[in-house]
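Observations on chain architecture
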Protein chains: 2
Amino acid sequence: MAKLRGNALVAQSGGPTTVINSSLCGIIEECLKSGDIELVYGAHNGIIGVLTEDLFDITKESPEVIRGLRRTPSAAAGSCRYKLKNPQENRRDYDRILEVFKAHDIRYFFYIGGNDSMDTADKVAKLAGEIDYELRVMGAPKTIDNDLAETDHTPGYGSEVKYLATMTMESGRDTEALYTFDTCTIVEAMGRNAGWIAAGAGVAHRNTLDAPHLVYVPEIAFSIERFVADVKQTHKELGMVVVLASEGLKDDSGEYITTQKGQLARDSFGHVQLGGVAETLKNIVEQEVGLKCRYNKPGTAQRNAMHFASLTDSNEAYMVGAEAVRHAVKGGSGKMVTIVRESNNPYRAGTGLAPLAAVANGEKFLPREFMNEAGNHITDECRDYVLPLLKGEVPIEVGPDGLPEYVRFERRKVAPRTGKTYQLGG
Amino acid sequence: MAKLRGNALVAQSGGPTTVINSSLCGIIEECLKSGDIELVYGAHNGIIGVLTEDLFDITKESPEVIRGLRRTPSAAAGSCRYKLKNPQENRRDYDRILEVFKAHDIRYFFYIGGNDSMDTADKVAKLAGEIDYELRVMGAPKTIDNDLAETDHTPGYGSEVKYLATMTMESGRDTEALYTFDTCTIVEAMGRNAGWIAAGAGVAHRNTLDAPHLVYVPEIAFSIERFVADVKQTHKELGMVVVLASEGLKDDSGEYITTQKGQLARDSFGHVQLGGVAETLKNIVEQEVGLKCRYNKPGTAQRNAMHFASLTDSNEAYMVGAEAVRHAVKGGSGKMVTIVRESNNPYRAGTGLAPLAAVANGEKFLPREFMNEAGNHITDECRDYVLPLLKGEVPIEVGPDGLPEYVRFERRKVAPRTGKTYQLGG
């Protein structure tokens with residue numbers, strides 16, 4: 001395919017991860033190597049930065065900051081949760097995106113995100129084609145949830161699990177030491193619909209005593225009766241219980257078990273915002289089993305734990321970013337780079353490609369065989385799948401104050417060229 | 001003083017810490033070096049193990065396990081929260097302790113714990129004196145709360161703060177990336193009565209953008225009105241807010257701000273069990289300020305985070321344990337080893353001694369000058385005090401599965417010799 005010269009724009013979207021900046025770094029460094037791409041722009045806060053023409057010139061950032069992205073958690077360019085409507089319903093946002101792209105001669109658009117982001121990228125690519133604006137659009141997968149279709153796993157997942165497994169193991173040691181008193185601990189894992197995270201961190205249970213002793217995921221209908229029986233049985237056997245539960249546990253009618261609380265907000269994608277599973281389970285344990293119970297809810301800390309992140313995950317995040325650029329420069333567009341597991345022992349992974357639309361509309365759930373028959377812990381199949389993704393630790397820099405040093409973009413704003421301001425959410 | 005030959009008993013008590021096993025290791029290794037101490041017994045679950053004669057022979061544990069204690073969080077010998085009454089009210093427990101000590105020729109008793117433990121140790125020492133049973137009793141300080149009198153700081157505090165500061169910094173990066181959406185994050189720190197932990201982790205705020213942006217401690221009466229104003233002001237300035245709050249925040253009448261929830265259990269020491277400050281503040285932010293808010297509650301994970309623990313803290317924990325033994329072997333008794341800060345720049349610390357009774361009845365609060373006038377963040381004095389305690393990282397072992405490897409005692413039970421069983425809590 002013909003060479004396409006022009007500028008590149010990169011944006012990050014959705015919930016941050018520990019390694020999303022590694023993908024950003026891979027994209028930037030590969031763009032800088034390419035002879036075709038002139039400037040690399042970052043959109044501040046994902047697609048919002050495009051719509052509001054809030055762009056910054058990454059080419060002007062210092063090499064130290066760009067290298068430092070690989071050891072900096074969360075989205076350095078800023079992220080967002082802004083849902084674009086269907087172009088059929090509302091073309092305004094898409095027209096604006098293309099207007100901004102044209103004004104800044106953006107010919108390469110790299111979007112790091114989950115399935116909503118791939119949907120946006122796909123639609124932008126198609127509309128550009130309709131108006132004959134030559135634009136190459138590539139996606140890089142990102143989500144701690146590991147629920148993207150078409151890819152073996154997603155960057156962000158390995159580091160999420162490495163940290164959550166470690167903190168669950170450590171919380172378990174606390175429970176074990178105090179089992180004459182605090183006998184039960186609930187750890188709440190992220191995971192709205194898919195149980196990948198909780199199941200993944202189940203690997204911390206290396207032997208009978210190691211936490212977690214029980215694992216619950218949204219894919220398997222949660223029954224209070226079975227849970228109470230599980231906790232009683234584990235307490236009888238071990239004298240202590242550590243439970244790892246997804247925030248999105250549902251009962252057999254598909255209702256979130258926390259729904260009775262009523263106060264659930266929804267985010268702008270219409271996703272139910274959860275919380276409270278740990279507290280719900282704690283109350284069940286105290287009231288129905290009669291054991292003293294605590295809960296730990298690491299919350300957003302679990303998806304940004306660069307201080308103990310997986311090197312494998314970080315390297316793969318970089319790899320998918322760099323590959324997205326290489327593919328685009330060769331003429332590719334409309335695809336997301338996937339991770340292909342080539343072998344498990346020794347673990348080896350490469351990249352593949354999937355149409356953005358296929359990713360946009362897919363969702364990948366935890367296979368039933370990754371959980372045991374009772375639905376309260378993981379199987380060896382799950383363990384074999386997860387463990388290679390946790391290998392190695394990202395080398396971080398620790399400052400003279402004993403705390404990690406993370407970088408920030410200077411974010412020098414690019415002068416607007418469309419001559420218009422834009423009202424979001426029209 | 002005359003040589004005293006016999007066995008040693010070591011026990012751990014109260015809430016675990018990341019480095020309490022370093023103190024244990026210091027005690028064990030120093031006992032093994034001593035010519036006077038024959039066997040080293042561990043009491044399983046602190047004083048409960050003494051009362052029930054549930055002892056194990058540490059001398060029989062492998063050297064790898066004993067060395068591994070320095071990189072293993074929580075209390076490897078088991079801990080407890082068992083409150084002994086005053087001997088005047090109930091001498092039964094104390095008589096039993098001395099009965100068990102005599103039966104096993106325990107001449108050295110090392111107790112690692114906080115002020116309740118030092119109280120127990122003190123009373124045991126005094127009663128042994130009354131009945132002319134030669135016993136040397138030494139305490140080693142331990143608490144993440146840093147609220148012990150007589151010592152500059154306590155082992156466990158530095159690692160607690162290093163981790164909490166890091167996870168707060170990382171949570172802050174998440175809020176910063178998503179500030180167009182999740183605009184406020186509350187991080188809940190442990191700390192029932194003293195604000196050392198929350199204030200300590202305030203050091204993560206290295207510059208304007210770095211979390212935490214607001215810090216609240218129990219020593220300063222919490223006002224909802226001021227809190228709402230603080231959050232509004234910070235949001236106006238930064239577009240985001242990360243709040244770090246002690247679990248034990250109290251209003252100006254001294255009531256816990258979570259008390260209205262009513263469901264507070266008390267532990268066996270009569271301490272109020274808290275939780276819920278984060279959720280309380282989140283509700284205030286959403287209702288009174290109108291910002292979307294999340295909360296992270298690391299819970300017991302924060303006091304066991306060996307995967308990112310302070311080497312300074314770990315080394316000092318070892319030092320106080322070893323020094324307790326050296327002092328006892330030289331004839332000392334009835335004292336707790338303290339940490340004396342000899343210089344701050346460069347940081348240098350040694351040990352001192354304090355009477356157990358002085359520690360037992362003291363409680364050390366955060367100095368008012370460690371917080372700013374508004375009572376919503378820390379001062380440079382606080383920073384100077386805290387930072388040296390976070391230096392260095394404990395080298396851990398990571399297994400082939402990418403997760404930390406922690407050790408466990410084999411805990412070979414010593415045959416009982418008193419010929420009696422004992423009913424706790426009589």
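Structural notes, computed from the coordinates. Since the structure is predicted, the reported quantities are computational estimates derived from the model, not experimental observations.

Let's shift gears to the sheet that holds strand β8 (residues 241-246) of chain A. Residues and elements named next belong to chain A. One open sheet accounts for 4 strands, arranged β7-β8-β6-β9; its pairing is parallel. Two strands bound the open sheet, and with one partner strand each, they are β7 (214-216) and β9 (293-296). Strand-to-strand twist in this sheet, taken as the mean axis angle between neighbours without regard to direction, amounts to 20 degrees.

Looking now at the interface of chain B and chain A. Contact with chain B, which involves 73 residues of that partner, is made by 73 residues of chain A. Taken together, both faces of the contact between chain B and chain A bury some 5800 Å²; the carbon and sulfur share is 51%. Sorting the residues of chain B by area buried against chain A places Glu170, Arg173 and Arg408 of chain B first, and these three jointly supply 13% of that buried surface. Inspection of the region where chain B meets chain A yields 10 salt bridges. As a salt-bridge pair, Asp401 of chain A and Arg206 of chain B come within 2.7 Å of each other at their nearest N and O atoms. Between chain B and chain A we count 35 residue pairs in polar contact (both at pLDDT 80 or more) in total. Going through the elements one at a time, α6 (157-177) and β9 (293-296) of chain B are the ones with two or more residues in the side of chain B that touches chain A. At 12 residues, α6 of chain B tops the list of elements feeding residues into the side of chain B that touches chain A.

All names here are of chain B. The topology assignment puts Leu24 in helix α1 (residues 20-33). Judged by its relative accessible area of 0%, Leu24 falls in the buried class. Residues Leu24 and Tyr318 lie 294 residues apart in sequence; the distance between their C-alpha atoms is 7.3 Å.

Before going further, it helps to spend a moment on the environment of Leu69 of chain B. Residues and elements named next belong to chain B. Structurally, Leu69 is set in the loop between α3 (63-68) and α4 (92-103). In sequence terms Leu69 and Phe409 are 340 residues apart; their C-alpha atoms lie 9.2 Å from each other. Filtering out sequence-adjacent residues up to four positions away, Leu69 remains in contact with Asn21, Ser22, Leu24, Cys25, Ile28, Ala76, Val407 and Phe409.

The next thing to look at is the pairing of strand β1 (residues 6-12) of chain A. Residues and elements named next belong to chain A. In terms of burial, β1 is a largely internal element, 7 of the 7 residues being buried. In terms of strand pairing, β1 meets strand β2 (residues 37-43) through 4 bridges, oriented parallel. Looking at the pairing, Leu9 lines up with Tyr41 of β2. Each parallel crossover has a hand, and for β1 linked through helix α1 (residues 20-33) to β2 it is right-handed. Where β1 lies against strand β4 (residues 106-113), 6 bridges are found, and the strand directions are parallel. By the bridge assignment, Ala11 is partnered in β4 with Tyr111.

Conventions used here
Residues numbered from 1 in each chain as written. Chains lettered and ligands numbered in written order. Predicted model: local features only at pLDDT ≥ 70, side-chain atom pairs only at ≥ 80, totals over all residues. Heavy atoms only, no water. Pairing = 2+ DSSP bridges. Helix = DSSP H or I, 4+ residues; strand = E, 2+ residues; numbered from the N terminus. Axes fitted to C-alpha atoms, helices over the stretch in contact; angles between N-to-C directions. Contact = heavy atoms within 4.5 Å. Buried area = accessible area lost by both parts, 1.4 Å probe. Salt bridge = Lys/Arg side-chain N within 4 Å of Asp/Glu carboxyl O. Polar contact = N/O pair within 3.5 Å; in protein donor to acceptor, adjacent residues only side chain to side chain. Buried < 20%, exposed > 50% of the residue type's maximum accessible area, 1.4 Å probe, protein only. Right-handed = clockwise from strand over helix to strand, strands pointing away.

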